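Chains, contacts and geometry: an overview
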Amino acid sequence: MAPPIPKVLMVAEKPSIALSIASLLSRAQMSTRRGSTDVHEFEGRFLASPARFKVTSVIGHVFSVDFPGKYQDWSATDPLDLFQAQVIKTESNPKAHICRHLNQEARGCRYLVLWLDCDREGENICFEVINSTGFNINDTYRARFSSVTEKDVLKALDNLVRPNRDEALAVDARQEIDLKVGVAFTRFQTSYFQGKYRNLDSRVISYGPCQTPTLGFCVQRYLQINTFKPEKFWSLHPYIIQNGYEIQLEWKRGKLFDINVAMMFQNLVSEDGLLEVTEISEKQETKGRPVGLNTVNLLKVASSALGFGPHMAMQLAERLYTQGFISYPRTESTAYPTTFDFRGVLSAQTNNPTWGNYVQGLLANGYQKPRSGTDVGDHPPITPMRSAAEDMLGNDAWKLYQYICQHFIGTVSPDCKYIRRKVEFSIGGESFYCTGQQVVTKGFTAIMPWLAINDKNIPSFIKGQKIEVSKLELYEGKTSPPDYLTESELISLMEKYGIGTDASIPVHINNICERNYVQVQAGRKLVPTTLGITLVRGYQTIDPDLCLPDIRSFIEQQISLIARGQVDHRCVVQHVIQQFKQKFCYFVKKIEDMDALFEAQFSTLTDSGRLMSKCGKCLRYMKYISAQPTRLYCGTCEEVYYLPQKGTIKLYKELTCPLDNFELLICSIAGPDGKSFPLCPYCYSNPPFEGMEALINTAKTGTSGKIGKGAGMPCNLCPHPTCPNSLVSQGVCACPECSGTLVIDPISAPRWRLCCNMCNCLVFLAQGAHRISTTKERCPECESSILEVDFNKKTTPLEDGTTLHRGCILCDDLLHSLVEMKHGRSFRYRSSRGRGRGRGGRGRGRRGGRMMDPKMSFREF
DNA sequence: GCAAGGTC
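Residues numbered from 1 in each chain as written. Chains lettered and ligands numbered in written order. Predicted model: local features only at pLDDT ≥ 70, side-chain atom pairs only at ≥ 80, totals over all residues. Heavy atoms only, no water.

**A look at the overall build of chain A**
When you go through chain A residue by residue, the secondary structure sums to 23 helices and 34 strands. The C-alpha radius of gyration of chain A comes to 36 Å, more than 25% above the 29 Å expected for a compact globule of 861 residues. Principal-axis analysis of the C-alpha atoms places the extent of chain A at approximately 115 × 95 × 60 Å. Going through the 861 residues of chain A one by one, you find that 50% of them count as buried. Long-range pairs, those at least 24 residues apart, make up 65% of the contacts in chain A between residues at least 6 apart in sequence. Carbon together with sulfur atoms contributes 48% to the accessible area of chain A, which is approximately 40000 Å² in total. Across chain A, the mean location of the 102 positive side-chain charges is 5 Å away from that of the 88 negative side-chain charges. (Helix = DSSP H or I, 4+ residues; strand = E, 2+ residues; numbered from the N terminus. Rg over C-alpha atoms; globule rule 2.2 N^0.38 Å. Buried < 20%, exposed > 50% of the residue type's maximum accessible area, 1.4 Å probe, protein only. Contact = heavy atoms within 4.5 Å. Areas by Shrake-Rupley, 256 points an atom, 1.4 Å probe, with all protein chains shown as cover. Lys, Arg positive; Asp, Glu negative; His and termini not counted. Charge placed at Lys NZ, Arg CZ, Asp CG, Glu CD.)

**Regarding the protein's contact with DNA strand B**
Taken together, 42 residues lie around DNA strand B, and I59, V183, R187, C210 and H508 are the ones closest in. By atom count, sugar and phosphate contribute 62% of the portion of DNA strand B lying within 4 Å of the protein. One of the side-chain nitrogen or oxygen atoms of Q211 is found 2.7 Å away from a phosphate oxygen of DNA strand B. Between DNA strand B and T501 there is a distance of 2.7 Å, counted from a phosphate oxygen to a side-chain nitrogen or oxygen. Among the elements of the structure, β5 (63-66) and α5 (165-193) are those that each provide at least two residues to the surface near DNA strand B. (Near = heavy atom within 4 Å. Polar contact = N/O pair within 3.5 Å; in protein donor to acceptor, adjacent residues only side chain to side chain.)

**A few points about the UniProt feature "domain: Topo IA-type catalytic" (unreviewed entry) in chain A**
The sites that carry the UniProt feature "domain: Topo IA-type catalytic" (unreviewed entry) are, in the present numbering, residues 164-584. Helix makes up 44% of residues 164-584 and strand 18%, whereas the separation of the span's terminal C-alpha atoms amounts to 33 Å. (UniProt positions renumbered as here; feature names shortened; annotations may be inferred.)

**Focus: the UniProt feature "domain: Toprim" (unreviewed entry) in chain A**
The positions UniProt marks with the feature "domain: Toprim" (unreviewed entry) are residues 7-147. Structurally, residues 7-147 comprises 25% helix and 30% strand, and the distance from its first C-alpha atom to its last is 25 Å.

**Looking at the environment of R386**
Among the structural elements, R386 can be located in the loop between α11 (356-365) and α12 (390-393). Look at R386 and you get partly exposed, because its relative accessible area is 42%. Along the sequence, R386 and Q323 sit 63 residues apart, while their C-alpha atoms lie 9.1 Å from each other. With sequence-adjacent residues up to four places away left out, R386 is seen in contact with Q323, G324, F325, Q349, M392 and Y401.

**Points about the domain arrangement of chain A**
By domain assignment, chain A separates into domain 1 (7-163), domain 2 (173-227 + 483-600), domain 3 (232-288 + 417-478), domain 4 (295-413) and domain 5 (605-860). Computed from C-alpha coordinates alone, the two centres of domain 3 and domain 4 are separated by 40 Å. Contacts between the two partners involve eight residues from domain 3 and, on the opposite side, nine residues from domain 4. On the domain 3 side of the interface with domain 4, the three residues burying the most area are I447, M448 and W450, jointly 69% of the side's total. Counting the contacts that link domain 3 with domain 4 gives zero salt bridges. Across the side of domain 3 that touches domain 4, the residue classes break down as six nonpolar, two polar and no charged. (Domains from an automatic or database assignment. Buried area = accessible area lost by both parts, 1.4 Å probe. Salt bridge = Lys/Arg side-chain N within 4 Å of Asp/Glu carboxyl O. Nonpolar A, V, L, I, M, F, W, Y, C, P; charged D, E, K, R; others polar.)

**Details of unusual backbone geometry**
The phi torsion at N243 lies on the positive side, around 50°, for a residue other than glycine. Considering the arrangement of structural elements, one finds N243 in the loop between β9 (232-242) and β10 (245-248). With a relative accessible area of 52%, N243 lands in the exposed category. Positive phi outside glycine occurs at E783, with the angle close to 70°. On the secondary structure map, E783 appears in the loop between β31 (771-778) and β32 (785-790).

**Regarding the pairing of strand β13 (residues 416-427)**
Bridging between strand β12 (residues 274-287) and β13 involves 11 bridges; their strand directions are antiparallel. The residue bridging S281 from the neighbouring strand is K422, located in β13. Two elements, β13 and strand β14 (residues 430-441), share 11 bridges in a ladder whose sense is antiparallel. Paired with Y418 across the bridge in β14 is V439. Hairpin connection, β13 to β14: the antiparallel pair is bridged by two residues, and G428 has positive phi, about 55°. (Pairing = 2+ DSSP bridges.)

**Observations regarding the pattern of salt bridges**
Counted under the stated rule, the structure contains 34 salt bridges. The partner of K525 in a salt bridge is D483, with the nearest N and O atoms 2.9 Å apart. Residue K525 is found in strand β19 (residues 525-528), and its partner D483 is found in the loop between β16 (471-478) and β17 (485-486); the two are separated by 42 residues along the sequence. You can call D483 partly exposed: its relative accessible area is 41%. One continuous salt-bridge network, built from bridges that share partners, spans R33, E41, E43, R52, K54 and E105.

Quick look at the structure:
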């Protein structure tokens, strides 16, 4: 029997590329099935033999690096240890199950062909795929293609190479270095400064080899502005009247910074009084059409002309791309591939109401070959694909699409040509001039009118002609500081210094905004905040390298040694990590120098905040710090207690926690979906019962502080057996929507409600009742806590006009009829499911060494 | 809660 034809697995970097490659190789004769990513199958030839192809893709990196679990606890890890820590690779997107998908698709395949982007990251993803599939390197090939065109794809398949392990290892090195350096500095800074200053409004004080130099650029400009000393200058401007027009002439010397010298020239000129035309020149100038549009230039235009931040611009571009209106928006290249179908792309634009006629003209009269640009070998420049109308895209996306179209049309339009005239004059031994210009060919500026050159007419002169000075002005000016860095300028600087990539530049800018280091102001100018300025000034004081762009270039240059196979990967990582470790140690040693700057800018906890509740340790009042993250500060014990970050905090009836004697607080979240719950400030940060952390982490109350070790246990999660505020006392029944428990909201009167202690579920009870409370009794049917309701005398539903009623909200007809679910789901006793398991919870303490289930036992009704 | 890099 003939051997079965071999199967070839091909993997691309993203689903769209897999689809294109499969369509090209199969001439659209493939079958497609769904998986984690689509798989396209067809028959063809591979290595000169018949073969069956399967083309699928990853979605970017399969893995990312992290520290093992034991390093995840901030308080239990010395950041210094991170430099020596092991790093592990975990799946970047566990829900996508890409690793499993690749492994499954690889089964029964003889060969692996990797169609990843042709850069270091792509090479690294090659090995991620190899590791996920377990292919032997001898059966693994790499296709190198610079565009997804039939010609390129076929050429790549005929010229397969091997994946480049050195380039992949360079990326591994970068990942490890970035992780260790970033996380170590971030954790140290955050822990050091947070909780020390009241108005420090950032939850994380991050450091990163890209984000920090990015911030550095913004602060550098700020410091330039702040230290700028204006200087006076003077300039001489003679005026003449020629053919009835008054013209101001420019001085060849520009400006002078010494008034005496300037006045001397003024005298010379005014004594002469007669200008002589010494030179008349006319020259044709060209303003060149643009090269193809790459991501960085798109982002710059989006920020400076359209008012979209890079983050938003990329989101819009991404959507336009997935909807097929534009080509792939992440590219560095500005050169079109030789095979680019200009006519096809132009033809799609002939119906556009704004530029359709212009495009028809280009098609009829011949469009220009675009300027050469640079080809980085990634993707073609960003161009329109399908034609669109404004109502198909929405306002913002339309603006971006419009620009992309205009830019593309501009690249195949003629250059703009204009005539520049210059007339030079002499008087008293000084030279002056005036210029004018006249457009001959609008060229691409017809379609990109914001780049148009304005005509400026000057009257005609004759060489040797003498003209009287009508007025002589000695202009006094003042040098002015630069303006804040615009986002567009920042993008240029980042590109120039190699900070980030086309895809990550928006992320870094977004980061420094979100961390509250800079703010975007009108005109998309980046104004650093006090925090941003203080951080950078701190680095400048301790170790300026930390915020300079060279820190990135150093890493890049080191890992390039690996990529070129010149130095062993481990050696480089060790060397670089050692350097950063030393910098880190020095930074830690000198942190007080930075702290001095913080002290000057921010108020310490001790001198701020209003008195709130009593500390259980020293019995003195603690101060409430309302700035994020909200917390209590005990000045006597010098302790900080974090609080829920949402809602208002008040003292709760001067009640105290039976465990630690701290006064209880009540947190109320306003609004129709609001709720309130008591908490002990000490227990909230330091849950008293073992095993609570895991539970707290699953509670989606939106209120847990998530700060400090084990933060986030309010009383409604507390399993204390006798405290009247604990879950055990206040819990009523299982939440119908999650695994939590419904608890009485103690201050919800008269709109009585139960709130889930884990999710946002709300259940409204008898409205207007005087009092609703739990009792120690339990419903024999469903084990819910029996409620005691004291109805209002006027509105009581009880027949004899009495007000007191006891019952189960699920099984008691009267109470159940008064229950109303917030989101309209049914809420009733389901008798068919395993009840009576006898796990009576209330009043029960520890059993068999394990914590009592704090969700209470009536979960399974 | 932490970096930077892919992509969605």
